[in-house]
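Residue-level structure breakdown
Chain by chain, the residues run as shown.
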Amino acid sequence: QVQFVESGGGLVQPGGSLRLSCATSGSILRLYAMAWYRQAPGKQRELVAAIRLGGNMDYADSVKGRFTISRDNVKNTVDLQMDSLKPEDTAVYYCNTFPASDRAWGQGTQVTVSS
């Protein structure tokens with residue numbers, strides 16, 4: 001059973017930074033591209049950033065230049081560094097494979113950007 005455990009969310013002021021971390025198994029990281037997704041209240045879940053097995057990264061236009069995805073195959077984590085946060089980044093953030101596995105969604109971590 002695939003498991004992802006997200007952490008690092010919280011309340012931050014506009015312009016601030018947060019670093020999210022997703023813990024999973026080493027076998028998952030060796031076999032799959034990984035991604036961060038988010039779901040804001042009343043909206044559909046959307047892709048935020050993806051990192052492929054070869055290291056290539058893709059970002060949603062709304063976060064390009066502000067967010068950075070990375071993977072650590074020693075710690076078995078996938079991180080999302082979020083800088084210059086905006087109120088519209090407020091959402092629950094999830095990690096999953098890319099493309100996502102519908103049976104593998106975790107609890108997510110809440111990010112709230114507000115003054």
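To start, this report covers the structure provided alongside it. (Residues numbered from 1 in each chain as written. Predicted model: local features only at pLDDT ≥ 70, side-chain atom pairs only at ≥ 80, totals over all residues. Heavy atoms only, no water.)

**Things to note about the pairing of strand E10 (residues 109-113)**
The side-chain alternation of E10 yields one buried face, formed by Thr109, Val111 and Val113, and one unburied face, formed by Gln110 and Thr112. Pairing of strand E2 (residues 10-12) with E10, which is carried by three bridges, proceeds in the parallel orientation. Paired with valine 12 across the two strands is valine 113, which belongs to E10. Examined bridge by bridge, strand E9 (residues 91-97) and E10 share three bridges and lie antiparallel to one another. Note on E10: the bridge partner recorded for alanine 91 is valine 111. (Buried < 20%, exposed > 50% of the residue type's maximum accessible area, 1.4 Å probe, protein only. Helix = DSSP H or I, 4+ residues; strand = E, 2+ residues; numbered from the N terminus. Pairing = 2+ DSSP bridges.)

**Some details on the packing of aromatic side chains**
This structure, assessed with the given rule, holds two aromatic pairs. Considering the side-chain rings of tyrosine 37 and tryptophan 105, the 5.2 Å spacing of their centres and the 80 degrees angle between planes classify their relative orientation as edge-to-face. Taken together, the residues tyrosine 37 in strand E4 (residues 34-39) and tryptophan 105 in the loop between E9 and E10 connect sequence positions 68 residues apart. Of the residues examined, tryptophan 105 reaches a relative accessible area of 25% and is grouped as partly exposed. (Phe/Tyr/Trp six-rings, centres within 6.5 Å; stacked < 30°, edge-to-face > 60°.)

**Section: the sheet that holds strand E3 (residues 18-23)**
Consider a sheet: its strands pair through backbone hydrogen bonds, and that pairing is either parallel or antiparallel. Judged by pairing direction, the sheet is antiparallel, and its four strands sit side by side in the order E1-E3-E8-E7 without closing on themselves. Strands with a single pairing partner mark the edges of an open sheet, and in this sheet they are strand E1 (5-7) and strand E7 (67-72). Each neighbouring strand pair of the sheet contributes to a mean axis angle of 15 degrees, computed without reference to strand direction. (Axes fitted to C-alpha atoms, helices over the stretch in contact; angles between N-to-C directions.)

**Describing the pairing of E7**
Taking every second residue as pointing to the same face, the buried face of E7 carries Phe67, Ile69 and Arg71, while none of Thr68, Ser70 and Asp72 on the other face is buried. Alignment of E7 against strand E8 (residues 77-82), held across six bridges, turns out to be antiparallel. Considered in E8, the bridge of aspartate 72 is made with threonine 77.

**Description of the pattern of salt bridges**
For side chains of opposite charge, pairing can occur when their charged atoms come near one another. Taken as a whole, this structure holds six salt bridges when the rule is applied. Measuring nitrogen to oxygen at the nearest pair gives 2.5 Å for the salt bridge that ties arginine 52 to aspartate 58. A cluster of three or more residues bridged by salt bridges with shared partners is formed by Arg38, Glu46, Arg66 and Asp89. (Salt bridge = Lys/Arg side-chain N within 4 Å of Asp/Glu carboxyl O.)

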